[in-house]
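# An overview of the molecular structure
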Amino acid sequence: MRITQNMSLAEKLNILSDAAKYDVACTSSGTDRKNDGTGIGNCAKAGICHSFSADGRCISLLKILFTNECIYDCKYCINRSSNDVPRASFTPDEVCDLTIEFYRRNYIEGLFLSSGVWKSPDFTMEMIYQTIYKLRTEYRFQGYIHVKAIPGASQELIQRVGFLADRMSINLELPTAEGLRKLAPHKNRKTILTPMRLVQNSMKENKQELMVYRNAPRFVPAGQSTQMIIGATPENDFQILNVAEALYKNFDLKRVFYSAFIHVNDDSNLPVRTDAGPPLLREHRLYQADWLLRYYGFEAKELLSEKNPNFNVLIDPKCNWALEHLELFPLEVNLADYQMLLRVPGIGYKSAARIVKARRMGVLDFDDLKKMGVVLKRALYFITCKGRMMYHTKIEQDYILRNLLSVGDKVPISVREMNYKQISLFDDVNFRQEQFATQQGKKAPIEQYLG
Amino acid sequence: MKRVYVCTDSLTGIFSAIYDAWKTKLGENEVGIALRGSVEQELFCEYVEIRDNEKKAIAVENLIKRHLGEYAYWNIYHTILSHDSKKADVILGMMLEARKIPDSTRIMEHLSHPKVRRMFEISRKVSNEAHYYREIVRFRELQNGILFSEIEPRNRMLSCLGEHFSDRFPLENWMIYDRTHQMVMVHEAGKQWILVHGEQIDEKLITNCSVKETMYVKLWKGFFDSVAIKERESYERQRQHLPLHYRKYVTEFQEI
Ligand code: SF4
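Reference entry: report on the structure contained in this document. Everything numeric in this text was worked out from a predicted model, so none of it was measured. (Residues numbered from 1 in each chain as written. Chains lettered and ligands numbered in written order. Predicted model: local features only at pLDDT ≥ 70, side-chain atom pairs only at ≥ 80, totals over all residues. Heavy atoms only, no water.)

### Here we look at helix 3 (residues 87-100) of chain B
An α-helix turns once per 3.6 residues; consequently, residues spaced three or four apart project the same way. Cut-off, in case you're wondering: In this description a helix means any DSSP run of H or I spanning at least four residues, a strand means any run of E spanning at least two, and both kinds are numbered starting from the N terminus. By this rule, a helix spans an expected 1.5 Å times one less than how many residues it contains. Classification of residues uses two cut-offs on accessible area relative to the type maximum, computed with a 1.4 Å probe and protein chains only: under 20% is buried, over 50% is exposed, and between them is partly exposed.
Helix length check: helix 3 of chain B, at 14 residues, gives a terminal C-alpha distance of 20 Å against a target of 20 Å (1.5 Å per residue), a fit within 8%. With 12 of its 14 residues buried, helix 3 of chain B lies for the most part within the structure.

Written out as structure tokens, the structure is:
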């Protein structure tokens, strides 16, 4: 391990932001806090994005590691102990100074502080605590702070940090325990889920306290989140989505983030490196499905199944569900209940709420729906207004699919000509395999796991 | 003959005109308001010049707040800040419609009325722009310690930023300079913000930055570059979220 000392702040920032960028969470939402007049900063409930980096991702927080020293050796991680990379560590004051000076210039909404495991989980967590404590008390910072809890750190430390941070997250890293064993040999499900449970319980207790004492200190007011890497291990979308669902239900998580696997190390335990790039489309479909779980009342088992375990590349999960359930359509917009309206492609949760409100005042027609934000070119195949469909359309899989594809994203013409049964075979996993097979004549990565 | 009141493009001006128009009890097609400087002369119209009148303006403000409610007032306020040249007429039309319906406080739900819908659109554009500037205002520290920022917004929405930044930086001296409308928002540490119109800004003073300013700009630009993931690069997505038009004064897109 190469330890570089006397580095300039710019060099440190370069190394420690570069090393933190693979963490996907950057939201600053979930806390509404006014400034008390004695410091700097406040929080907006919806969060504020300040910029967009060259990859089109939002920049809201100063996302850095405290240090990229690490005693662990997670195969997928650039900072793993067996890598020969320049190492750096901030001091608490450096982190505070950067946060305040960036914040004053309105570059950022706050700080996202993660870290490699330096010496021990407790040692690292203690450094994080000291930094955040300083930032909140000495520097009087009242903006947003997101802290990563270090797996294996003591309960007491995690709790102390939780009273200073707005959000905490503990990365699940990989969807299954086997994946973790293989790629993150020093971590295990227990050291990850224990702190997650602790944060959950402390939040519950804190809610009780706040009901009695309004001014009691708040514990992680913006809730906790986690993330998992997609495509480094052979789990299918169905497994991943089930894991996410369990996390929402059993751990009250605010968000689960998905991070398309990016090759930074060569390791025999990792998928073979290809030119295909990270599985961004797959990640996108998972986010869409995640949205359906959280806001649309869907369950994982409605969207995928053992038999059909991966999302389609060409159709989004909601359309896909509707095409599989044509017997429920068309739906009369003036009568359907809210839960069913939510399931119509082209009707979002906001427009569904508007529909329910507006139809109390009168009978709705297609024109009204349009004004309420319904995307008619998607919805028209699935709804009636006053018993009438918008055009003469058939309630038939192939027919609707062909029409939806022609309004959807850029889809190659050869694909538009296929029928539903053929297209539904095209999930991202198979799609990639085929791509790899034809483009490079290589064996696809997934087969290597299974084979 | 239709009567059109002509007023200045200001809150006081527009409210003064509404006051007189409202008093006539004329219907939507018989009365209108135009802004001085953007009157489109029509046949069979009588034009009446209106002078700014604080008392009338306050009366109208109270009328709106009392009878149409806070939400409608919020929309009217944002509409007045817009660069739309027909905005005053739109507000009048919306208010005349509110007079007709049984519950005036629900006027903003009547989106089927063209004036109400138009007002909804205009006020949304303005509040969106204000929200945008909450994100992309960038301050630099001048030699005298003042945090200074300049912007070129389409609408006169500077006042919408006051509460946000005063709450955020209560102990700082800061200024936001709207170059389009030649206005400055000034906040002195520990005090309320104020708006200053027409004041000449000393261009030399505002380029004279503190010793550490360049260092933090460099640190920020370095961070901005290193945080992007090469394998996911997408300038198109970046442009979708942050159109080139808005980047002029945004530190990370400026050359040092
Ligand atoms: S613990 Fe694992 S993932 Fe975290 S920095 Fe160390 S090697 Fe990387």
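On we go.
### A few points about a nonpolar patch on the surface
Heads up, the condition is: Put simply, a patch holds well-exposed residues, over 30% relative accessible area, that have no salt bridge, with like charges counted together within 9 Å and Val, Leu, Ile, Met, Phe, Trp or Tyr side chains within 5 Å. The method behind every accessible area is Shrake-Rupley, applied with a 1.4 Å probe, and residues are considered shielded solely by the protein chains displayed. In the sections that follow, a salt bridge refers to a side-chain nitrogen of Lys or Arg positioned within 4 Å of a carboxyl oxygen of Asp or Glu.
Among the surface-exposed residues, Met211(A), Val212(A) and Tyr213(A) lie close enough to one another that they form a single nonpolar patch of about 390 Å² accessible area. Structurally, Met211(A) can be placed in helix 6 (residues 189-212).

### Remarks on the interface of chain B and chain A
Put simply, the rule is: Throughout, a contact is declared for two residues whenever any of their heavy atoms are within 4.5 Å. Using a 1.4 Å probe, buried area is obtained as the accessible area two parts lose upon being combined, added over both of them.
Of the residues lining the interface, 44 residues belong to chain B; the matching set on chain A comes to 50 residues. In total, chain B and chain A occlude about 4300 Å² of area from one another, counting both sides; carbon and sulfur atoms represent 56% of this. Sorting the residues of chain B by area buried against chain A places Arg168(B), Tyr216(B) and Arg232(B) first, and these three jointly supply 18% of that buried surface. Our enumeration of links across chain B and chain A arrives at 5 salt bridges.

### What about the packing of helix 4 (residues 155-162) of chain A against helix 6 of chain A?
Residues and elements named next belong to chain A. Inclusion rule: Axes here mean lines fitted to C-alpha atoms, for a helix over just the part in contact, with angles spanning 0 to 180 degrees between N-to-C directions. Each angle receives one of four descriptions, namely roughly parallel if under 35 degrees, roughly antiparallel if over 145, roughly perpendicular if within 65 to 115, and oblique otherwise. Rotating anticlockwise by less than a right angle from the far helix to the near helix defines a left-handed crossing, while the corresponding clockwise rotation defines a right-handed one.
It is at 10 Å that the axes of helix 4 and helix 6 come closest, and there the two elements cross at 50°. Between helix 4 and helix 6, the angle is such that the two are oblique. Here the hand of the crossing between helix 4 and helix 6 comes out right-handed. Contact residues: helix 4 offers Gln-155, Ile-158 and Gln-159, while helix 6 offers Pro-195, Leu-198, Val-199 and Ser-202.

### With respect to the nonpolar core
Our working definition: Within this scheme, the nonpolar core is defined by two criteria: the residues are buried Ala, Val, Leu, Ile, Met, Phe, Trp, Tyr or Cys, and they are joined through side-chain atoms within 4.5 Å.
Judged by nonpolar contacts, the single largest core of 156 residues is most densely connected at Phe102(A) and Leu369(A). The leading source of residues in this core is helix 7 (residues 237-251) of chain A, at 8 residues. For Leu369(A), the residues in contact, after removing those within four places along its chain, are Val333(A), Ile355(A), Leu364(A), Val374(A), Leu376(A), Ile383(A) and Cys385(A). Of all hydrophobic cores here, the second largest spans 32 residues; its members include Ala57(B), Ala88(B), Val90(B) and Met95(B).

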